[in-house]
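Residues per chain are reported as follows:
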Amino acid sequence: MLELLKKAVEPVLNLADLFYPRLCLACQEKLVSAETSICIRCDYKLTPTNYHRINPNPVLERFWGRVELEHATAAYSFNKGGLLQHLIHQLKYENKPQIGLELGKMYGSLLKEVAPYNTVDYIIPVPLHPKKKHLRGYNQAAMIAKGLALSMEKQWSSAYLIRTDDTETQTKKSRLDRFSNVEHAFGIHKKAALEGKHLLLVDDVITTGATLEACAQTLLEVDKVKISLAAIALAN
Ligand SMILES: [Zn+2]
């Protein structure tokens with residue numbers, strides 16, 4: 001039945017492509033009908049890690065001895081000057097929330113098949129400070145969370161984990177400074193609703209992991225909660 005339906009709508013989709021061509025998020029070339037958001041040529045340039053199927057992996061290792069996690073993963077490795085860096089830059093600084101949504105959807109279709117990700121109850125993005133959100137217009141991690149939720153058929157919410165203070169910008173600080181800087185920056189709303197749940201904490205890029213660590217520590221204040229992490233990229 002689904003196949004029949006697909007066959008029936010395909011010419012319509014192709015016709016729509018003719019008038020409103022869908023463009024590759026990375027290179028802006030026209031997509032052909034089988035391509036959803038990134039063209040085959042660009043997709044080939046991305047380096048999937050497959051970490052969601054591997055234990056231990058470099059993301060888990062980055063958090064060893066820092067915070068207790070069920071599992072942790074990043075979709076791609078991050079190469080300086082590479083296509084992924086270009087995509088993340090557009091997502092964060094060039095008003096392209098769609099990129100977060102699509103990357104999330106792509107990764108979600110892989111995560112939904114694999115334990116422990118298939119047991120997640122809520123997907124929770126790392127919160128952006130309201131001031132920054134106001135400037136950017138959206139939280140890029142929330143866009144990724146939304147994409148993940150769509151393909152994993154799970155709920156996402158930015159209502160539980162909130163930013164409680166105005167930390168300075170992270171980029172010019174050492175790792176130790178960064179941690180003390182974000183340690184008390186987060187709080188939880190509606191704690192009781194998260195009791196006993198498996199939460200998937202989501203960010204765009206993992207660098208030192210300080211922000212994710214602080215978020216995870218905050219969420220671990222909830223009774224019997226389990227936490228996994230997913231990001232789009234792991235930076236070296
Ligand atoms: Zn492309």
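Each remark here, short or long, concerns the structure printed above.
These lines cover the structure that appears in this document, whether it is placed above or below. (Residues numbered from 1 in each chain as written. Predicted model: local features only at pLDDT ≥ 70, side-chain atom pairs only at ≥ 80, totals over all residues. Heavy atoms only, no water.)

**With respect to the nonpolar core**
Move 1: Residues I38, L84, L87, L111, I123, L148 and L200 are the most contacted members of the largest nonpolar core, which totals 38 residues.
Move 2: Here this core takes six residues from helix α7 (residues 140-152), the largest share from any one element.
Move 3: Sequence-distant contacts of L111, that is, excluding residues within four places in its chain, are made with H52, T73, Y117, N118, L148, M152, L200 and A230.
Move 4: The next biggest cluster of nonpolar side chains, apart from the first, holds 31 residues, and it includes L161, F186, L201 and L219. (Core = buried A, V, L, I, M, F, W, Y, C linked by side-chain atoms within 4.5 Å. Buried < 20%, exposed > 50% of the residue type's maximum accessible area, 1.4 Å probe, protein only. Helix = DSSP H or I, 4+ residues; strand = E, 2+ residues; numbered from the N terminus. Contact = heavy atoms within 4.5 Å.)

**Things to note about the environment of S109**
Move 1: With respect to the secondary-structure elements, S109 resides in helix α5 (residues 97-111).
Move 2: Taking the C-alpha atoms as reference, S109 lies 9.6 Å from E153; in sequence the two are 44 residues apart.
Move 3: Among the polar contacts listed, one links the side chain of S109 to the backbone oxygen of M106, at a separation of 2.7 Å. (Polar contact = N/O pair within 3.5 Å; in protein donor to acceptor, adjacent residues only side chain to side chain.)

**What to know about unusual backbone geometry**
Move 1: In this structure, the amide linkage connecting N55 to the following residue, P56, adopts the cis form with an omega of 0 degrees.
Move 2: That bond from A115 to P116 is cis: its omega, 0 degrees, falls within 30 degrees of zero.
Move 3: Located in the positive-phi region is K190, a residue other than glycine, with phi close to 50 degrees.
Move 4: Its location among the elements puts K190 in the loop between β5 (186-188) and β6 (198-206).

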